[in-house]
Amino acid sequence: MLKKFLAALAFLSLAACASTGEKVQEAETLPPPSLEKIADNVWIHKSYDYVSGWGLVLSQGLVVKTEGGVALVDTAWTDEETEALLSLINAELGESPDIAIVTHAHADKMGGMKALQDNGIGGRAHPFTNEDAPARGLRKTMFSILDGKTREMLLGLEGEEGVTVFYPGAGHTRDNIVVYYAPAKVLFGGCLIRPGASKNLGNTADGDVDHWAQAVRNVAEAFPDAEIVIPSHGPMGGRELLDHTIELAEEAAAAQ
Ligand SMILES: [Zn+2]
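Residue positions are given per chain, counted from 1 along the sequence in the order it is written. Thresholds applied to this predicted model are a pLDDT of at least 70 for local features of residues and 80 or more for the giving and counting of side-chain atom pairs; totals over whole chains, interfaces and linings are not thresholded and use all residues. To get the side-chain values, take all heavy atoms of the structure and skip hydrogens and water.

**Q** Please give an account of the overall build of the chain that cites residues and values.
**A** Counting secondary structure elements, the chain contains seven helices and twelve strands. Residue burial is assigned from relative accessible area. The probe radius is 1.4 Å, only protein chains are included, and a residue is buried under 20% of its type maximum, exposed over 50%, and partly exposed in between. Sorting the 256 residues of the chain into buried and exposed places 48% on the buried side. Whether two residues are in contact is decided by their heavy atoms: any pair within 4.5 Å suffices. Contacts in the chain between residues far apart in sequence, at least 24 positions, make up 58% of those at least 6 positions apart. Of the roughly 12,200 Å² of accessible surface on the chain, a fraction of 53% belongs to carbon and sulfur atoms. The way it works is that DSSP assigns letters per residue, a run of H or I at least four long becomes a helix, a run of E at least two long becomes a strand, and they are numbered from the N terminus. All accessibility values rest on the Shrake-Rupley procedure with a 1.4 Å probe; residue burial counts only the protein chains present in the view.

Written as structure tokens, this is what we have:
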């Protein structure tokens, strides 16, 4: 009887250790946000979160320093991470973002909107993004872009020196936009563009799988000079990421 009791006690304490141990490990292993310089005046920002069903997920955004000011593309996953990201940007660039653009209504792209607005950055998004954000537990941006047009130039003093925002139609979501910085030939594709090693489209829950390939073709056509292509969830590459995503999207559409 005593033996059985001791064995049960040992099991219980082991189970307790395992569950608290796991939580501590999760908190400790969530990497902090980071900034990586990839070209003159261009940085990728990275942040991580645990997403149920997906595990630890990296999300990337962009920081661009133009003659007209600093543009932040996408927040980190959370307000806390976005506060940390703003500190990193300040330390690295010596200034804060003048504008922030978010590329669609999911937490990896705009989960830190409150932190931005607390720091005086209102945020800009496609009107569809602000329509969809509240139902997904996300805070709206203060400003809209691309109202009634597909292309808009921001922070441009003259010519193509600023950042260009482009709406290619529905793909990963109905509101997904991409951002291009012509001086560095950098195209930020967000979640519309898949990393080279990906074998599927990722999260299609709010997507338009039938239009996804066409949306990427629209991006390729809009930015024929783009050389560096950056997806949300994996390493940057070249234009082959556009072709790879078109292939995955066509496969997924055919399999429906
Ligand atoms: Zn998304």
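**Q** Residue-level account of the nonpolar core, with values.
**A** Residues belong to a common nonpolar core when they are buried Ala, Val, Leu, Ile, Met, Phe, Trp, Tyr or Cys residues joined through side-chain atoms within 4.5 Å. Leu187, Leu192, Val219 and Phe223 are the most contacted members of the largest nonpolar core, which totals 23 residues. Only strand 10 (178-181), helix 6 (209-222) and helix 7 (240-254) provide two or more residues apiece to this core. Of the residues forming this core, the biggest block, seven residues, is contributed by helix 6. Setting aside chain neighbours within four positions, we find Leu192 in contact with Pro168, Gly171, His172, Asn176, Val178, Trp212, Ala215, Val216, Val219 and Thr245. Residues Ile38, Val42, Val73 and Tyr167 belong to the second largest nonpolar core, which totals 22 residues.

**Q** Can you explain the packing of aromatic side chains? Please cite residues and give values.
**A** When the centres of two rings from Phe, Tyr and Trp lie within 6.5 Å, Trp using its six-membered ring, the rings pair. Their planes under 30 degrees apart give stacked, over 60 give edge-to-face, and anything left gives tilted. Applying the stated criterion across every chain, the model contains three aromatic pairs. Pairing Tyr180 with Phe223 gives two aromatic rings, centres 4.7 Å apart and planes at 40°, and the pair type is tilted. On the criterion of sequence distance, the pair formed by Tyr180 in strand 10 and Phe223 in the loop between helix 6 and strand 12 (228-231) is long-range, its members being 43 residues apart. In this structure, Tyr180 and Phe223 share a single accessibility class: buried.

**Q** I'd like a description of the sheet that holds strand 12, backed by residues and values.
**A** As summarised here, the arrangement of the five strands in space is 8-9-10-11-12, forming an open sheet in which the pairing is mixed. The sheet is open, and its two borders are formed by strand 8 (151-154) and strand 12, each paired with just one other strand. This sheet shows a mean twist of 20° between the axes of neighbouring strands, independent of strand direction. Pairing between strand 10 and strand 11 (residues 186-190): three bridges, direction antiparallel. Bridge pairing links Val179 to Phe188 in strand 11. Pairing between strands is defined by DSSP: at least two bridges between the two strands are required. Here an axis means a line fitted to C-alpha atoms, over the contact stretch when the element is a helix, while the angle between two N-to-C directions is reported on a 0 to 180 degree scale.

**Q** I'd love a proper account of the pairing of strand 4 (residues 69-73), names of residues and values included.
**A** The buried fraction of strand 4 is high, at five of five residues. Bridging between strand 3 (residues 55-66) and strand 4 involves five bridges; their strand directions are antiparallel. In the strand pairing of strand 4, Lys65 is matched with Val70. Remark: two residues form the turn of the hairpin made by strand 3 and strand 4, two consecutive strands paired antiparallel. Pairing between strand 4 and strand 5 (residues 99-101): three bridges, direction parallel. The residue of strand 5 that forms the bridge with Leu72 is Ala100. Between strand 4 and its parallel partner strand 5, the chain crosses via helix 2 (residues 79-93), and the hand of that crossover is right-handed. If you view a crossover with the strands going away from you and the path from the first strand over the helix to the second runs clockwise, you call it right-handed.

**Q** An account of unusual backbone geometry is requested, with residue identities and associated values reported.
**A** Residue Leu155 is not a glycine yet carries a positive backbone phi of 60°. If you check the backbone angles, Lys185 has positive phi at about 55° while not being a glycine. Relative to the helices and strands, Lys185 is located in the loop between strand 10 and strand 11.

**Q** Account for the layout of surface pockets, with residues named and values stated.
**A** Considered as a void within the structure, the largest pocket measures approximately 320 Å³ in volume. Of all the secondary-structure elements, those providing two or more residues to the lining of the largest pocket are strand 3 and helix 3 (107-110). Gly is put with the polar residues, along with every residue not named as nonpolar or charged; the nonpolar set is Ala, Val, Leu, Ile, Met, Phe, Trp, Tyr, Cys and Pro, and the charged set is Asp, Glu, Lys and Arg. The residue inventory of the lining of the largest pocket, partitioned by class, reads ten nonpolar, five polar and two charged. Residues are said to line a cavity or pocket when one of their atoms sits within 4 Å of a point; the points come from a 1 Å grid over protein atoms alone, cavities being sets where a 1.4 Å probe fits but cannot get out and pockets being open sets with protein on both sides within 12 Å along at least five of seven lines. Grid points are joined across faces, edges and corners, and a volume is the space filled by probe spheres set on the points.

**Q** Summarise the coordination of the zinc ion; cite the residues concerned and give the values.
**A** With water omitted from the atoms examined, metal sites may look incomplete; donors here are N, O and S atoms no farther than 2.8 Å from the metal, or 3.2 Å in the case of Na, K and Ca. Within the first shell, the zinc ion binds the protein through His104 (NE2), His106 (ND1) and His172 (NE2), at distances of 2.0 to 2.1 Å. Of note, the donors binding the zinc ion are all from one chain and are spaced H-x1-H-x65-H. Of this pair, His104 sits in the loop between strand 5 and helix 3 while His172 sits in the loop between strand 9 (163-166) and strand 10; the two residues are 68 residues apart in sequence, bridging distant segments of the chain. The buried category is assigned to His104, whose relative accessible area is 1%.

**Q** With reference to specific residues and values, describe helix 2.
**A** Helices are assigned an expected span. That span is 1.5 Å times one less than the residue count. For helix 2, which comprises 15 residues, the first-to-last C-alpha distance of 21 Å matches the rise-based estimate of 21 Å (1.5 Å per residue) to within 8%. Turning to helix 2, its buried residues are Glu81, Thr82, Leu85, Leu86, Ile89 and Leu93. The buried residues of helix 2 all sit within an arc of 145° when viewed along its axis, so they share a single face. When the buried face of helix 2 is taken as reference, the exposed residues oriented beyond 90 degrees from it are Glu80 and Ala91. Where helix 2 is buried, its residues meet strand 1 (34-39), strand 2 (42-51), strand 3, strand 4 and helix 4 (113-118). At the C-terminal side of helix 2, Gly94 shows a positive phi close to 75°. Our arc is simply the arc of the directions from the helix axis toward the C-beta atoms.

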